[in-house]
10 protein chains.
Amino acid sequence: MLFHVAMEVRLPPDMPAEQANDIKAREKAFAQEVQRSGKWPHLWRVAGRYANISIFDVADTDELHGILSSLPLFPYMDIKVTALAKHPSAL
Amino acid sequence: MLFHVAMEVRLPPDMPAEQANDIKAREKAFAQEVQRSGKWPHLWRVAGRYANISIFDVADTDELHGILSSLPLFPYMDIKVTALAKHPSAL
Amino acid sequence: MLFHVAMEVRLPPDMPAEQANDIKAREKAFAQEVQRSGKWPHLWRVAGRYANISIFDVADTDELHGILSSLPLFPYMDIKVTALAKHPSAL
Amino acid sequence: MLFHVAMEVRLPPDMPAEQANDIKAREKAFAQEVQRSGKWPHLWRVAGRYANISIFDVADTDELHGILSSLPLFPYMDIKVTALAKHPSAL
Amino acid sequence: MLFHVAMEVRLPPDMPAEQANDIKAREKAFAQEVQRSGKWPHLWRVAGRYANISIFDVADTDELHGILSSLPLFPYMDIKVTALAKHPSAL
Amino acid sequence: MLFHVAMEVRLPPDMPAEQANDIKAREKAFAQEVQRSGKWPHLWRVAGRYANISIFDVADTDELHGILSSLPLFPYMDIKVTALAKHPSAL
Amino acid sequence: MLFHVAMEVRLPPDMPAEQANDIKAREKAFAQEVQRSGKWPHLWRVAGRYANISIFDVADTDELHGILSSLPLFPYMDIKVTALAKHPSAL
Amino acid sequence: MLFHVAMEVRLPPDMPAEQANDIKAREKAFAQEVQRSGKWPHLWRVAGRYANISIFDVADTDELHGILSSLPLFPYMDIKVTALAKHPSAL
Amino acid sequence: MLFHVAMEVRLPPDMPAEQANDIKAREKAFAQEVQRSGKWPHLWRVAGRYANISIFDVADTDELHGILSSLPLFPYMDIKVTALAKHPSAL
Amino acid sequence: MLFHVAMEVRLPPDMPAEQANDIKAREKAFAQEVQRSGKWPHLWRVAGRYANISIFDVADTDELHGILSSLPLFPYMDIKVTALAKHPSAL
């Protein structure tokens, strides 16, 4: 089941570089692990923003929330989830 | 799987009473049929508005969209879906 | 009498873990106590957000505000209350 | 129990004068009847708008919705209800 | 002359308790003094929020601003003023 | 007492030219009459919009609403009133 | 180059069924033709709404606008385009 | 002096084709005439929308409003003007 | 040429009183100097807010930005500029 | 390919002057370097705001994001990108 997820990151500009780099490294590792599992099939950068638009393919909403709330950047993100359904004109 | 659904109805005030009553009667019949199926466990009126807040319990997002887009009032409604997950403090 | 309550939690990311865990533990204990009383019949997580959607069943608005303003997380939450009425199509 | 109710009226400018006058006359009569009952203690015009801000004193949300949805102008209004509680600094 | 005033309080959660209690005590004293003068005839809590909705009865807008900007919580509040007029259907 | 009033005009583009011209002519005549009375000291066009920003100098909010609701374009306008007070830095 | 496109359809509910069906049939045919060309790789329904979220893969913004403005439903749609870039954590 | 102007066109979809084409042809002719005069140096289409973003170079705000309100599509447009100044980093 | 300028001041409540008083004193002095020059003909307080609505009469947008960005409170303000034109009904 | 980019700068007012000046100097140098390359053909100040409106001319969205995210002020900016296409009435 697909969900459209828009994430805006709001990392405090005065966070020490070491701490920021550590969070970002852990975010990247976790994001790639979930992508490899097939549950995060699309991940795009929004041009001009520290933000992404993603598509998740999960068994249910609990799994979706479990993944999103485990993201190392979760405490710094504003996340909006949109439930997707099959479009009748989609091939 | 639960979804929170907020529906605002915007029926044109100048719709002939007969047509409006017919749509509303079919809406009510359909809504009660879905409620009886267990897929629409909660349906509340928003005080002061021609609107409702509902909880749907469906197998997936396709089933959810199938039900919502079959509502006789669907062409007159603004519907917002919010995906719900289990809350860790819920009993 | 039912009220729909949407709560968004905005805990500062730099709050010391011990303090945050203490508030969350007290929040959970209080939330479960109110649920057991029957005054908080539904509590759902909004997928992807540190937020919940709840239904309260209270005697009046004073009781509702009394409960909400006693939540340990109250100073960190943005809360929106919507008054609900019986829906004529509800079973 | 008190509720704050904001009503915006959106009567189509091209509604025939006779029809508009009839609705407004019935609205006024009904509004004054409810005021006399004590359930609508305050009714103010918002300066510059075809809108009002009101306070209702009702037994519960069903009574509130029953009154509001019976207003002759209800199909032409956008109504927002805010639940009020006793303020600790109010005399 | 009546004005509708909506106040949202945004006290920093990390303000020392002593300082917060002092401001709140002074706010309460001042609010009750203005109420006793007849210039603040209504003061209600918005259920679920650290906010109030008030009605002020003042000689003019300068008096209104004078009172509001003297509130001890003024630097921490977002205040919206709406000018009220007599409603033709009000008793 | 001064009020800032922003008016947006939403005349239906398909209103017959004769009717539109008649309303506009009456609007202009009435606006100039009120300006001559001293109660509408400033009237500016918002560049690029069928809108104006005005300052009214009236005895009270009832007088303000009386003038605004008498404007021939009133049924076609969205009007926002802002109460002004003397600024401590104004000469 | 990828663009995220959100389309909301606002077909007048009183459009004759024959006309609506004709537009929808042409929309579907055109949408599938563009999908087959590889320029519209993803098309999802937003659950509960007559809306879709799409990904377009086009040579440039002129091609994108050319496709979108050729959609038979274009005059009835509110379309928002978001430029996407490669995400550094995407596999 | 430069102004940034964003125009959204809201032509009723049911306007007869002949009328719509006539307005669009007159709009195009007028727009090109103003461009040739040097007062409308930039005109871009917003991808996916019946909208444009323009830069005007005019003597003053009266000239700007004079041009914009003379556009044949003016009654069907929502126009937002933003005043521009020289940027200290611009070459 | 006239511009409508709305300024909201957001001074941090925890700014030391001495620093705040210094900025406010310099703001007042500068504002009065510009008023005396004739370029800031109107300055009103928005009732209930640390905000003002002003009219500036300047040669061009560069002069306007030069004045506004020189205000001692500029780094703490949210400023919205609206270009004004002569209103055809203004006397 | 052209993109319209609106940037709002939100530099903390309490950032040490030396640090702020350093960022601004690096921002200016980088902005002028990109302008010289031809990829940033227009850069205007929004009157009254610490903001700009820019036009970028880039090969694709990756290049656009690469430039924007390299701006020294990027962590302090809110950036909105709008894809532009050729306007059929543009000369």
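So, here is what we can say about the structure in this document. As the structure is a computational prediction, the values presented were derived from the model and not from experiment.

### Examining the pattern of salt bridges
In a structure, side chains of opposite charge can pair up when their charged atoms sit close to one another.
Right, so step 1: On inspection of all chains with the given rule, the structure shows 50 salt bridges over all chains.
Right, so step 2: Close ionic contact of E:Arg26 with E:Asp22 constitutes a salt bridge, the shortest N to O distance being 3.2 Å. Here E:Arg26 pairs with E:Asp22, and both are found in helix α1 (residues 17–36), just 4 residues apart, close to one helical turn.
Right, so step 3: Using a relative accessible area of 42% as the deciding quantity, one classes E:Arg26 as partly exposed.
Right, so step 4: Accessibility expressed as a relative area gives 39% for E:Asp22, which makes it partly exposed.
Right, so step 5: In this structure, a network of salt bridges that share partners links the residues A:Glu8, A:Arg49, J:Asp78 and J:Lys80.

### Thoughts on the relation of the copies chain I and chain J
Right, so step 1: At an RMSD of 0.0 Å, chain I and chain J line up after a rotation of 72 degrees and a shift of 0.0 Å along the axis. Such a combination of rotation and displacement between the chain copies is what one expects of a five-fold axis. Minimal C-alpha separation from the rotation axis in chain I is found for I:Pro12, amounting to 9.3 Å.

### As for the arrangement of the chains
Right, so step 1: A gap remains between chain D and chain G, with no contact made and the closest C-alpha atoms lying 18 Å from each other.
Right, so step 2: Separated throughout, chain E and chain G approach each other most closely at a C-alpha pair spaced 29 Å apart.

### Some details on the interface of chain I and chain J
Right, so step 1: Contacts between the two partners involve 11 residues from chain I and, on the opposite side, 7 residues from chain J.
Right, so step 2: Of all residues in chain I, I:His65, I:Phe74 and I:Ile79 give up the largest surface area on contact with chain J, accounting jointly for 52% of the area buried on that side.
Right, so step 3: At the boundary of chain I with chain J, the tally comes to 1 salt bridge.
Right, so step 4: In this structure, the salt-bridge partner of J:Arg49 is I:Asp78, at a minimum N-O distance of 2.9 Å.
Right, so step 5: Our count for the contact surface shared by chain I and chain J stands at 3 residue pairs in polar contact (both at pLDDT 80 or more).

### Observations concerning a negative patch on the surface
Right, so step 1: A grouping of A:Asp14, C:Asp14, E:Asp14, I:Asp14 and J:Asp14 is seen on the molecular surface, where their side chains present a negatively charged patch.
Right, so step 2: Here E:Asp14 shows up in the loop between β1 (2–9) and α1.

### Things to note about the relation of the copies chain G and chain A
Right, so step 1: Of the transformation superimposing chain G on chain A, the axial component is 0.0 Å and the angular component is 180 degrees, with the fit at an RMSD of 0.0 Å. The transformation relating the two chain copies, once decomposed into turn and shift, fits a two-fold axis.
Right, so step 2: A shared interface surface links the copies, since 100% of the contact residues of chain G are contact residues in chain A too.

### Quick look at the sheet that holds strand β3 (residues 51–57) of chain F
Right, so step 1: Spatially, the 8 strands close up into a barrel ordered β1(F)-β3(F)-β2(F)-β4(I)-β1(I)-β3(I)-β2(I)-β4(F), and their pairing is antiparallel. Adjacent strand axes in the sheet meet at a mean angle of 35 degrees when their direction is disregarded.
Right, so step 2: Looking at chain direction, strand β1 (residues 2–9) of chain F and β3(F) are connected through 7 bridges and run antiparallel. Paired with F:Glu8 across the strands is F:Ala51, a residue of β3(F).
Right, so step 3: Contacts from helix α2 (residues 61–68) of chain H reach β2 (42–46) of chain F together with β1 (2–9) and β4 (77–86) of chain I within the one sheet, and its direction differs from that of β4(I) by about 70 degrees.

### Points about helix α2 (residues 61–70) of chain B
Residue and element names in this part refer to chain B.
Right, so step 1: Looking at α2, one finds that the buried residues are Thr61, Leu64, His65, Ile67 and Leu68. Each buried residue of α2 sits inside an arc of 160 degrees when the element is viewed along its axis, so together they form one side.
Right, so step 2: The N-terminus of α2 is capped by aspartate 60, whose side-chain oxygen sits 3.2 Å from the backbone nitrogen of aspartate 62.

### A closer look at the pairing of strand β4 (residues 77–86) of chain A
Right, so step 1: Of all 10 residues in β4(A), 7 are buried; the element is thus mostly enclosed.
Right, so step 2: Pairing between strand β1 (residues 2–9) of chain A and β4(A): 7 bridges, direction antiparallel. In the strand pairing of β4(A), A:Phe3 is matched with A:Ala83.
Right, so step 3: For β4(A) and strand β2 (residues 42–46) of chain G, the ladder comprises 3 bridges, and the chain directions are antiparallel. Residue pairing for β2(G): A:Ala85 is matched across the bridge by G:Arg45.

### Focus on the interface of chain G and chain A
Right, so step 1: Taken together, the contact between chain G and chain A spans 25 residues of the former and 25 residues of the latter.
Right, so step 2: Between chain G and chain A, roughly 2400 Å² of surface is buried when both sides are summed, and carbon and sulfur atoms account for 66% of that area.
Right, so step 3: Taken as a group, G:Trp44, G:Arg45 and G:Leu91 account for 26% of the area that chain G buries against chain A, more than any other trio of residues on that side.
Right, so step 4: Across the contact surface, chain G and chain A share 16 residue pairs in polar contact (both at pLDDT 80 or more).
Right, so step 5: For the side of chain G that touches chain A, the secondary structure elements donating two or more residues are β1 (2–9), α1 (17–36), β2, β3 (51–57) and β4 (77–86) of chain G.
Right, so step 6: The residue makeup of the side of chain G that touches chain A, split by class, is 13 nonpolar, 8 polar and 4 charged.

Each value, and the rule that gives it
Residues numbered from 1 in each chain as written. Chains lettered and ligands numbered in written order. Predicted model: local features only at pLDDT ≥ 70, side-chain atom pairs only at ≥ 80, totals over all residues. Heavy atoms only, no water. Salt bridge = Lys/Arg side-chain N within 4 Å of Asp/Glu carboxyl O. Helix = DSSP H or I, 4+ residues; strand = E, 2+ residues; numbered from the N terminus. Buried < 20%, exposed > 50% of the residue type's maximum accessible area, 1.4 Å probe, protein only. Least-squares fit on C-alpha atoms with pLDDT ≥ 70 in both. Contact = heavy atoms within 4.5 Å. Buried area = accessible area lost by both parts, 1.4 Å probe. Polar contact = N/O pair within 3.5 Å; in protein donor to acceptor, adjacent residues only side chain to side chain. Patch = residues over 30% accessible without salt bridge, like charges linked within 9 Å, V, L, I, M, F, W, Y side chains within 5 Å. Areas by Shrake-Rupley, 256 points an atom, 1.4 Å probe, with all protein chains shown as cover. Lys, Arg positive; Asp, Glu negative; His and termini not counted. Charge placed at Lys NZ, Arg CZ, Asp CG, Glu CD. Pairing = 2+ DSSP bridges. Axes fitted to C-alpha atoms, helices over the stretch in contact; angles between N-to-C directions. Arc of directions from axis to C-beta. Nonpolar A, V, L, I, M, F, W, Y, C, P; charged D, E, K, R; others polar.

Honestly, it's all geometry; don't read function into it.
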